[in-house]
Amino acid sequence: MRFFEYEAREIVKRAGIPVTDYGFTTDAAEAKTIAARIGGPTVIKSQVLTGGRMKAGGVKFADTPEEAEAHAADILELEINGHEPRGVLVDPKADVKQEYYMGVVWDGAAKRPLMLFSDMGGIDIEQVAEEHPDHVGRGHFSTLDPFSDFMAKQVIADAGVTGKALQRCTPILARLAQLFLDNDMLLAEINPIAELHDGTFVALDAHMEMENEGMGRQKALIKALGIGAEEGTRETYVPSAFEEAVSAVDAADHRGVIQGKDNGFDGTIGLIIGAGGGSLTLTDAVRQQGGKPANYSEIGGNPSVAKACGLAKAVLAKDGVEKIAVMMSIVSNTRVDIVARGVIKACLELGKDPAETIAIFRIPGAWEEEGFKILDKYGIEYCDRSVSLWEAAGRAVAKIQGEAA
Amino acid sequence: MRKDAIFIGVEVKDEYTSDPALGAKLNEVCPVNIYRGTETGVDIDEAAIDECVLCGLCYDAAPEGAVAVLKLYEDGAALR
Amino acid sequence: MSILIDKDTTFIIQGITGREAVNLTRECLDYGSKIVGGVTPGRKGREVHGVPVFDTIAQLVEHNGGVVPDGSVVTVPPAGTKDAVFEALYAGIKTIVIVTERIPRRDVAAMVELADRSGARIIGPNCLGLIVPGVAKMGGIGGPAKNAAVAYQPGSVGVMSRSGGMTTEISSTLTAAGLGVSTAVSIGGDAIIGSTYAELMPYFEADEQTQAIVIYTEPGGRMEAQLSAWVKENNSRLPIIAFMAGKFMDDDEMQGMSFGHAGTIVEGKEDSATEKIARLEEAGIPVVQRIDEIPDLVKAKIAERSAA
């Protein structure tokens, strides 16, 4: 789950990291009040879960509270990459001497969290790492041992930073590392952390992303930030009608798991496929043989007849989908006969002939003898494991798109 | 009593349909809740029949010949 | 021979009374595996397919006359997985298969770190375990014994796969081609896993039965780069053939979306299928387009090596 900047700042503040005296609001008039309280020039920043807000005009500078109000009114109306802003953040315009970067991410290869620090803050860290590798310090830390400040100090020193900056940044990075672990984050980034002319350090922006799997035990934090359960995991894209239909079918029955996606798919080949790896392999195989899938799907964990039926109905309900291909890698838990019943039932209930509608059925494995009897009875073309995933996908393309063309 | 769905048919011989104890037992063993125990005996949930996983636990739980699971896709062949 | 487990390997099932665990226990016993006990807190005294259930591993070890089992298959829910694995590691168990999915990454990292310190090896999480065809299986891999027997015959190829299902698809293809499988490992689909390709290579390298390696991989993560580096540094006797699924995820409209497994998400250029294929091929690991191309290529590579 991604956090808005105003929430991310609250998270770092709670961890004891200095932040500016900012204010968050959804109302332009209140932006004026906040700016007046701050006194002096302010920055008005759009609160959206997408990048590139500076370029899009979502960040503006104001000299007076009136100007702050006017900018807030504009920014609250400004959609960025299709996202409506949640509100605006009114921030004192900081008297910055130098900007630094600090962040913590997971390193999957090292299997540990990784701290990153650079004295070239305010820009994309990947760019800095590529162009100025000597300006980036890195260091892994343990998930078992207590964190100690020297670990952060080493990373900062590795970036070539010494003096006051090293001393001041060390406890801040240490707190960031600790909050990263404590809050089940995937990413915790302060960019920039700014050194002001008075010598103090303050976080001017923060980017936080929590792992969905960790949300269950982070309920207290999520609640404290005022995030309601209805926001879910804040997926970045809006689910399509098809995706919502499949989720509903999946939620209605605990037996097995089905998933469906069609964002980015616009063909006519309805895919009833599984499991995780099989679905990836089959989607590639269809596309590489010139096929245009109408959707992506996953069947796993031995779903009920009703669930397989629901998925097939959702796929067949999509515009332009007349036929489906039912294909999986060899199954050992999911049952061939149960999936066969489900997809045939979907055809029958929609008044379609299963033999016409199911272009190919390739699911070998558990209970295949029983499944093949059912498929025989309805005259459906099927194949066993001697027909590869590639070949089955090719037949699906030929039968579905060949006829359409 | 016999009820048929698309793929599966289930039969409880008439002499056993008014046995509440059998109804309760079948209800307990069937993993997909095809059988329902009622106050007066056994009922079959038509909507659940096609979910049958062919486990045969109902045969084991009932007296010999009391229940039958029929594969309609195989000319009504009985599971046992 | 085999890697990690053999005919004498004893293991336990943690969370043995769960629905999936009961099936898995049946399957492993039928396949010939030696399951010496199970643990589910509060269920001491029960039996699952004749396997005694205990509240703690300590009780189980005591029941076994103080003998610590070789391995454990962990099937407890995500919130309790870390604790269960710590219990196994503290007991001295050295080979741990974690079946559970959706475990928070912080917990996975902690389990792996403790395993490293204990000289133990974790397979998974979010995996189906491993199988030595005709000898033993540890986990749900291949399914019921009779299904596993069809797909997995003993042979010369080691298989490692991020997808449990594709482990069986590939092994079945190798079996049908007469090559067979030495040991197949479902390594798991998460972003952090206990054993990566590169970390398992030394085991296969030391296993005389293994003559070649086939890996199944997906977009996301840096595991292929690690394998490529290992191959370059270690002058391995084993030819490796790779299959990469999820090339469609390289399309612009798929960026940032996750398909298949939790670890399968393209977050940077290095994560993409195209980039990974380039890296693998640079290290001399051919990447086939189709699963059915694998057997002929394996045969050719084995012949090449034995001629050299």
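Computed from a predicted model, the values in this text were never measured in an experiment.

Novice: Pulling in residues and values, what's your account of the overall build of chain A?
Specialist: From N to C terminus, chain A includes 14 helices and 15 strands. Summarising its shape, the C-alpha atoms of chain A cover approximately 85 × 50 × 40 Å along the three principal directions. Across chain A, the fraction of contacts at a sequence separation of at least 24, relative to all contacts at a separation of at least 6, is 69%.

Novice: Go over the overall build of chain B, please, and point to the residues and values.
Specialist: Counting its secondary structure elements, chain B contains two helices and six strands. Sequence-ordered secondary structure for chain B, helices as α and strands as β, is β-β-α-β-β-α-β-β. Computed over the C-alpha atoms, the radius of gyration of chain B is 11 Å, within 12% of the 12 Å expected from 2.2 N^0.38 for a compact globule of 80 residues. Taking the principal axes of the C-alpha coordinates as reference, chain B spans close to 35 × 25 × 20 Å. Expressed as a percentage of the 80 residues in chain B, the buried residues total 31%. Taking the contacts inside chain B whose residues are at least 6 apart along the sequence as the reference set, 45% of them involve residues at least 24 apart.

Novice: Describe the sheet that holds strand E1 (residues 10-14) of chain C, listing the residues and the values that go with them.
Specialist: Strand pairs in the sheet, formed through backbone hydrogen bonds, run parallel or antiparallel to each other. Residue and element names in this part refer to chain C. Strand order in the open sheet formed by seven strands is E3-E4-E2-E1-E5-E6-E7, and the pairing between neighbours is mixed. The open sheet has two free edges, formed respectively by strand E3 (47-48) and strand E7 (121-123), since each of these has just one partner strand. Where E1 lies against strand E5 (residues 71-74), four bridges are found, and the strand directions are parallel. Across the sheet, the residue bridging to Ile-13 is Val-73, located in E5.

Novice: Which residues make up the UniProt feature "domain: ATP-grasp" (unreviewed entry) in chain A, and what values go with them?
Specialist: Sequence positions flagged by UniProt for "domain: ATP-grasp" (unreviewed entry) are, in local numbering, residues 9-226 of chain A. The span residues 9-226 of chain A shows a helical share of 33% and a strand share of 28%, and its end C-alpha atoms are spaced 14 Å apart.

Novice: Pulling in residues and values, what's your account of the packing of helix H7 (residues 197-206) of chain C against helix H8 (residues 223-234) of chain C?
Specialist: All names here are of chain C. At a closest axis distance of 8 Å, the pairing of H7 and H8 adopts a crossing angle of 40°. When the axes of H7 and H8 are compared, the pair comes out oblique. Side by side, H7 and H8 meet where Tyr-197, Ala-198 and Met-201 of the first sit next to Met-223, Gln-226, Leu-227 and Trp-230 of the second. Here the contact of H7 with H8 is composed, by residue class, of six nonpolar, one polar and no charged.

Novice: With reference to specific residues and values, describe unusual backbone geometry.
Specialist: Residues and elements named next belong to chain A. Omega for the bond connecting Asn-191 with Pro-192 falls within 30 degrees of zero, at 5°, which places this linkage in the cis form. Summarising the element assignment, Pro-192 is placed in strand E8 (residues 185-196). Ala-275 follows Gly-274 through a cis peptide bond whose omega is -15°. Relative to the helices and strands, Ala-275 is located in the loop between strand E12 (269-274) and helix H9 (276-288). One non-glycine residue, Lys-111, adopts positive backbone phi at about 65°.

Novice: I'd like to hear about the domain arrangement of chain A, residue by residue, with values.
Specialist: Under the domain assignment, chain A is made up of domain 1 (1-18 + 98-236), domain 2 (21-93) and domain 3 (241-404). Placing a centre on the C-alpha atoms of domain 1 of chain A and another on those of domain 3 of chain A gives a separation of 44 Å.

Novice: Any details on helix H1 (residues 19-31) of chain C? Residues and values, ideally.
Specialist: Residue and element names in this part refer to chain C. For H1, which comprises 13 residues, the first-to-last C-alpha distance of 19 Å matches the rise-based estimate of 18 Å (1.5 Å per residue) to within 8%. Regarding H1, the residues found buried are Ala-21, Leu-24, Thr-25, Glu-27, Cys-28 and Tyr-31. Of the residues trailing H1, Gly-32 is marked for its positive phi of about 110°.

Novice: Just give me the short version of the pairing of strand E5 (residues 96-107) of chain A, but keep the residues and values in it.
Specialist: All names here are of chain A. Sheet analysis places E5 next to E8, joined by eight bridges and oriented antiparallel. When the bridges of E8 are listed, Met-102 appears paired with Ile-190. Bridge analysis of E5 against strand E6 (residues 112-118) gives seven bridges, and the strand direction is antiparallel. Across the sheet, residue Val-105 finds its bridge partner in E6, namely Leu-114. Remark: four residues form the turn of the hairpin made by E5 and E6, two consecutive strands paired antiparallel; Lys-111 in that turn has positive phi of roughly 65°.

Novice: Give me the interface of chain A and chain B: which residues, what numbers.
Specialist: Often the size quoted for an interface is simply the accessible area lost on bringing the parts together. Taken together, the contacts link 10 residues of chain A with seven residues of chain B. Elements with a minimum of two residues in the side of chain A that touches chain B: helix H10 (305-316), helix H11 (336-349) and helix H13 (368-377) of chain A. With four residues, the single largest contributor to the side of chain A that touches chain B is H13 of chain A.

Novice: Can you break down the arrangement of the chains residue by residue, with the values?
Specialist: Counting contacts across all two pairs of chains that touch, the top pair turns out to be chains A and C. Taking C-alpha atoms as the reference, chain B and chain C come no closer than 12 Å and do not contact one another.

Novice: Tell me about the environment of Thr-26 of chain A, and name the residues and values.
Specialist: Here Thr-26 of chain A lies in the loop between strand E1 (23-25) and helix H2 (28-38). Placed 60 residues apart in sequence, Thr-26 of chain A and Arg-86 of chain A show a C-alpha to C-alpha distance of 6.9 Å.

Novice: Please set out the interface of chain C and chain A residue by residue, giving values where relevant.
Specialist: In this complex, chain C contributes 49 residues to the contact, which on the side of chain A involves 38 residues. Of all elements in the fold, only helix H3 (78-91), helix H4 (105-118), helix H5 (145-151), helix H6 (164-176) and H8 of chain C reach the threshold of two or more residues within the side of chain C that touches chain A. With seven residues, H4 of chain C is the largest single contributor of residues to the side of chain C that touches chain A. Here the residues of the side of chain C that touches chain A are counted per class, giving 20 nonpolar, 16 polar and 13 charged.

Novice: Any chance you could break down the nonpolar core for me, citing the residues and the numbers?
Specialist: Here is a general trend for soluble globular proteins: nonpolar side chains tend to be buried in one another's company. All names here are of chain A. Counting 237 residues, the largest nonpolar core has Leu-173, Leu-176, Ile-272, Ala-325, Met-327 and Val-343 as its most contacted members. Take this core: its biggest share by element is nine residues, from H10. Once residues lying within four places of it in the same chain are set aside, the contact partners of Met-327 are Ile-273, Leu-282, Ile-360, Arg-362, Ile-363, Leu-389, Ala-392 and Ala-393.

Novice: Describe the pairing of strand E6 (residues 95-98) of chain C, naming the residues involved and giving the relevant values.
Specialist: Residues and elements named next belong to chain C. Along E6, one buried face is formed by Thr-95 and Val-97 and the opposite face, lined by Ile-96 and Ile-98, is buried too. Judged from the four bridges that link them, E5 and E6 form a sheet pairing that is parallel. Directly across from Val-73, in E6, lies its bridge partner Val-97. After leaving E5, the chain enters H3 and then returns to the sheet as E6, a path that is right-handed. Pairing between E6 and E7: three bridges, direction parallel. In the sheet register, Ile-96 faces E7, and the bridge partner there is Ile-122. Each parallel crossover has a hand, and the one from E6 via H4 to E7 is right-handed.

Novice: Describe the sheet that holds strand E2 (residues 8-12) of chain B, with residues and values.
Specialist: Residue and element names in this part refer to chain B. A sheet is described by the order of its strands in space; here four strands give the open sequence E1-E2-E5-E6, paired in antiparallel fashion. Of all strands in the sheet, those bounded by a partner on one side alone are strand E1 (2-4) and strand E6 (77-78). When E2 meets strand E5 (residues 67-71), the two strands line up antiparallel, connected through five bridges. Note on E5: the bridge partner recorded for Glu-11 is Ala-68.

Novice: Just give me the short version of the environment of Lys-247 of chain C, but keep the residues and values in it.
Specialist: Looking at where Lys-247 of chain C falls in the secondary structure, it is placed in the loop between strand E13 (240-244) and helix H9 (273-282). Distance in space between the C-alpha atoms of Lys-247 of chain C and Val-22 of chain C is 37 Å, their sequence separation being 225 residues. Among residues more than four places away in sequence, those in contact with Lys-247 of chain C are Asp-284 of chain A together with Ala-273 of chain C.

Novice: Break down helix H3 (residues 65-77) of chain A for me, with residues and values.
Specialist: Residues and elements named next belong to chain A. The end-to-end C-alpha separation of H3 is 19 Å, in line with the 18 Å expected for 13 residues at 1.5 Å each. Those residues of H3 not exposed but buried are Ala-68, Glu-69, His-71, Ala-72, Ile-75 and Leu-76. Lining the buried residues of H3 we find H2, strand E2 (42-46), strand E3 (59-62) and strand E4 (88-92).

What counts as what
- Residues numbered from 1 in each chain as written.
- Chains lettered and ligands numbered in written order.
- Predicted model: local features only at pLDDT ≥ 70, side-chain atom pairs only at ≥ 80, totals over all residues.
- Helix = DSSP H or I, 4+ residues; strand = E, 2+ residues; numbered from the N terminus.
- Contact = placed C-beta atoms within 7 Å.
- Rg over C-alpha atoms; globule rule 2.2 N^0.38 Å.
- Buried ≥ 20, exposed ≤ 12 C-beta atoms within 10 Å, placed from the backbone.
- Pairing = 2+ DSSP bridges.
- UniProt positions renumbered as here; feature names shortened; annotations may be inferred.
- Axes fitted to C-alpha atoms, helices over the stretch in contact; angles between N-to-C directions.
- Parallel < 35°, antiparallel > 145°, perpendicular 65-115°, else oblique.
- Nonpolar A, V, L, I, M, F, W, Y, C, P; charged D, E, K, R; others polar.
- Domains from an automatic or database assignment.
- Expected span 1.5 Å × (residues − 1).
- Core = buried A, V, L, I, M, F, W, Y, C linked by C-beta atoms within 7 Å.
- Right-handed = clockwise from strand over helix to strand, strands pointing away.

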